[in-house]
Amino acid sequence: MPSSIRSFILIFFLLSQFSFAQVRVVTELNTGWKFKKGQSDQAHLAGFNDRSWQSVSVPHDWAIYGPFDKEIDKQMTAIVQNGEKVPTEKTGRTGSLPYIGEGWYRNHFTLPRYSPGQRVLILFEGAMSEPRVFLNGKKVGEWNFGYNYFYFDITDHVLAGKENVLAVQLSNRGLSSRWYPGAGLYRKVQLVVKNSESIDQWGVNITTPFISAQQAKVSIKTKVSGDKVRLVTSILSAEGDTVARQSTETLFGREFDQNIAVANPKLWSPETPYLYKAVTRLYSGNELRDEIVTRFGIREISYTAEKGFSLNGQVRKFKGVCLHHDLGPLGAAVSKAALRRQLRILKDMGCDAIRSSHNMPSIEQLELCDEMGFMFLAESFDEWAKPKVKNGYNRFFNTDAEKDIINLVHATRNHPSIVMWSSGNEVPDQHGAEGVKRAKWLQEIFHREDPTRPVTVGMDQVKATMASGFGALLDIPGLNYRTHLYEDAFKSFPQGFILGSETASTVSSRGVYKFPVVKGIEKTYEDRQSSSYDLEYCSWSNLPEDDFILEDDKPWVIGQFVWTGFDYLGEPTPYDNFWPSRSSYFGINDLAGLPKDRFYLYRSKWNTKEETLHILPHWNWEGREGQTTPVFVYTNYDSAELFLNGKSLGVRKKDSSSPQSRYRLMWMDVKYEPGTLKAVAYDKQGKPVAEQTVVTAGKPHKIVLEADRTELDADGKDISFVTVSVVDAKGNPCPKANDQLTFSVSGNGTYRAACNGDATSLEQFHLPTMKLFSGKLVVLVQSATKAGPIKLAVKGAKLQKAEITLEAR
């Protein structure tokens, strides 16, 4: 027999052992949506005419398009957790954007590759809020918590081979949030079609209970539906090679329990975010019935009184930030491009951890943290049974908290980035025995669903939690601010360590400086801005150095999560009763994602691999000639010399004379004169190793464009963030430029939004015009679904225009 025929017969024989039947099909419903804001008693009906409704894509946030309005969700309240006792009018607390009210989404779809006997699920990763879901005129389910992931089995309601009509009703109440919540189907919606013999939704649970240099034990528990089925799991390296495989026929109830050895494991960490894949296949006889691919990391976490927090056996401290879920000018609508940009900026700062405050994170955010190397504190609730706001989660806590936690854990537990859960933030339930019971109940639910990770709560009522036992029962006692109580808490709580679950809350506006330069608590100014000398904070908060000192000097402090990594919509403290402020001042980066001076202070402390040398303020102070204009330098070096127009103003060395002088170099008596400031940094041997200059700029002359990425995916979703700045005739940045600019995009992309980082700006993000703020703004350009060039043009009166070409591939 010829060898070619023998080969053919062998291949045919091997293939005949397995029948590759259709397995699950997952379809994202991102296009074809119709939307209308307002009430309707017929929009759920299949035959309802929605042709006049707005066509939108999902994820979608209906409120981000504005306009801003002082009267929206205006609240007369005293913010108890901030120590307020007398109610005052709060404007801008939820962003002054029109999120309140009812909205409807409708989508007409036909099932992909459906066969009789299959199951059909509809999966929502977040819907703001209180979604009621209808299919072909019938209600199929509802969920209350807008930040949670949920799904319904719609098999009995779906029409095979015919058009189906999905309708989703959303309802947002006023007085339901302390920040901008967004509105609408702001995260993904997916259809899942699978066989009756299949792996359950979120049914794969991967842990790594034993790790050594030679071998890791990978434990995989898989819940399935079906009798006489067999499970085959292959583990693939990041390079795509199969490193382990196991076949199992033994079911324990409805669950397979596999323990698979991986030789010479590569461990996941922020420095080396190595990811494996588990390919899980379910067979009935020799027929493949379902297949799921799950990314995971091999890593070990430990929290002990002796060492604090350890990752893979190495003691370390969290260099973390808190992030709200909105993405500035995009609102709450999830964008992987925007999240990736945020994490790139934070990675450059030296940040290694994220806290999702105060809500359940998006799947996209967790995927990126897995890939890029960020540890994650996944938070659940901002309220328990006792309200902070009248219409908040307190309405649902007693009935929904358990199922909301179950969905959080099951949907996200395989992400190696998650190293801790949080069951709450600054909940009023911290007082009294009932609060202790609730804390214990929630923690036990987390332990039951995931015994591998500890649980914390962000506590601000520290004395109350010491007295009641609330803090003592937590796996990890998290303190929000209250730096003066760290020592007392450490002595009172039995865990042997303290986490700074929320720290600093220093306030500043990018590129804005106030004189005289002194520390200020709740300091306000007529222009509704805060000084970027980074010395202003709230009555309940502190400056960055207070937290640096605790993490440097106290081995039992296991790190911190700074409030916040980026400015966010809503909560405009200290201007929450000063219109037109409508977004926060807390961010290390502004709402546009542009770094404030504070970014470089944290970078000088946290980024231990790269050089930091930053001078502030800018040096355009016409009218301040001869007046005291202090100069700060943020650097990883211990000393630097400052020169003004070639004349030395002396060397400053970091010392312990004050908290600020330990981490900043400060020249407090500089007299302003226009020209050039130069800082020269010295190493420990006194040798000059770096220098930085700031010059007095002339009149604004031309526009300059710089894109974070010039190549985009042609998927209709990808975004390039283009920083727009203005320079003088010599190319020097103009730090006070506030010109009105206009934007146009042509080619294979569209203008998406713009943002200048000004918390008082009432310009709408989606309109193609905006004023510069402190000389800069950011334009968002979104790709189309067709490959090709995209051109952005930016113009301003009396300025030389600029263009940049991007490429959609």
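Right, let's walk through the structure included here.

Cut-offs and rules
Residues numbered from 1 in each chain as written. Predicted model: local features only at pLDDT ≥ 70, side-chain atom pairs only at ≥ 80, totals over all residues. Heavy atoms only, no water. Salt bridge = Lys/Arg side-chain N within 4 Å of Asp/Glu carboxyl O. Buried < 20%, exposed > 50% of the residue type's maximum accessible area, 1.4 Å probe, protein only. Helix = DSSP H or I, 4+ residues; strand = E, 2+ residues; numbered from the N terminus. Expected span 1.5 Å × (residues − 1). Contact = heavy atoms within 4.5 Å. Pairing = 2+ DSSP bridges. Axes fitted to C-alpha atoms, helices over the stretch in contact; angles between N-to-C directions.

**Things to note about the pattern of salt bridges**
Okay, step 1: Enumeration over the complete set of coordinates arrives at 47 salt bridges.
Okay, step 2: Residue Lys139 is joined to Glu142 by a salt bridge in which the shortest nitrogen-to-oxygen separation is 2.3 Å.
Okay, step 3: A relative accessible area of 34% means that Glu142 is categorised as partly exposed.
Okay, step 4: The salt bridge involving Arg510 is made with Asp590; its shortest N-O contact spans 2.6 Å. Residue Arg510 is found in the loop between strand S29 (498-504) and strand S30 (520-521), and its partner Asp590 is found in the loop between strand S32 (557-563) and helix H10 (597-606); the two are separated by 80 residues along the sequence. The pair formed by Arg510 and Asp590 is uniform in burial state, with each residue classed as buried.
Okay, step 5: Within the structure, one salt-bridge network assembled from shared partners comprises Arg178, Asp382, Lys388 and Glu571.

**Some points on helix H5 (residues 433-449)**
Okay, step 1: The terminal C-alpha atoms of H5 lie 25 Å apart, and with 17 residues this matches the ideal 24 Å at 1.5 Å per residue to within 8%.
Okay, step 2: When we look at burial in H5, the residues that qualify are Gly435, Val436, Arg438, Ala439, Leu442, Gln443, Ile445, Phe446 and Glu449.
Okay, step 3: Here the buried face of H5 lies against helix H4 (397-412), strand S26 (418-425), strand S27 (455-459), helix H6 (462-468) and helix H7 (470-473).

**A word on the sheet that holds strand S8 (residues 132-135)**
Note on sheets: strands pair through backbone hydrogen bonds, and any given pair is parallel or antiparallel.
Okay, step 1: What the six strands build is an open sheet, ordered S3-S2-S6-S11-S8-S9; its pairing is antiparallel. Looking at which strands have only one partner, the edges of the open sheet turn out to be strand S3 (54-56) and strand S9 (138-142). Averaged over all pairs of adjacent strands, the angle between strand axes in this sheet comes to 25 degrees, irrespective of strand direction.

**Regarding the environment of His701**
Okay, step 1: Following the sequence through the fold, His701 ends up in the loop between strand S39 (688-695) and strand S40 (702-707).
Okay, step 2: Measuring from C-alpha to C-alpha, the distance between His701 and Gly749 comes to 28 Å, with 48 residues separating the pair along the chain.
Okay, step 3: Among all residues touching His701, those that are not within four sequence positions of it are Val726, Val727, Asp728, Ala729, Lys798, Leu799 and Gln800.

**Some words on the pairing of strand S47 (residues 788-796)**
Okay, step 1: Pairing of strand S43 (residues 740-747) with S47, which is carried by seven bridges, proceeds in the antiparallel orientation. Residue pairing for S47: Ser746 is matched across the bridge by Lys791.
Okay, step 2: Between the end of S47 and the start of strand S48 (residues 802-808), which pair antiparallel, lie five residues, with Lys798 showing a positive phi angle near 65 degrees.

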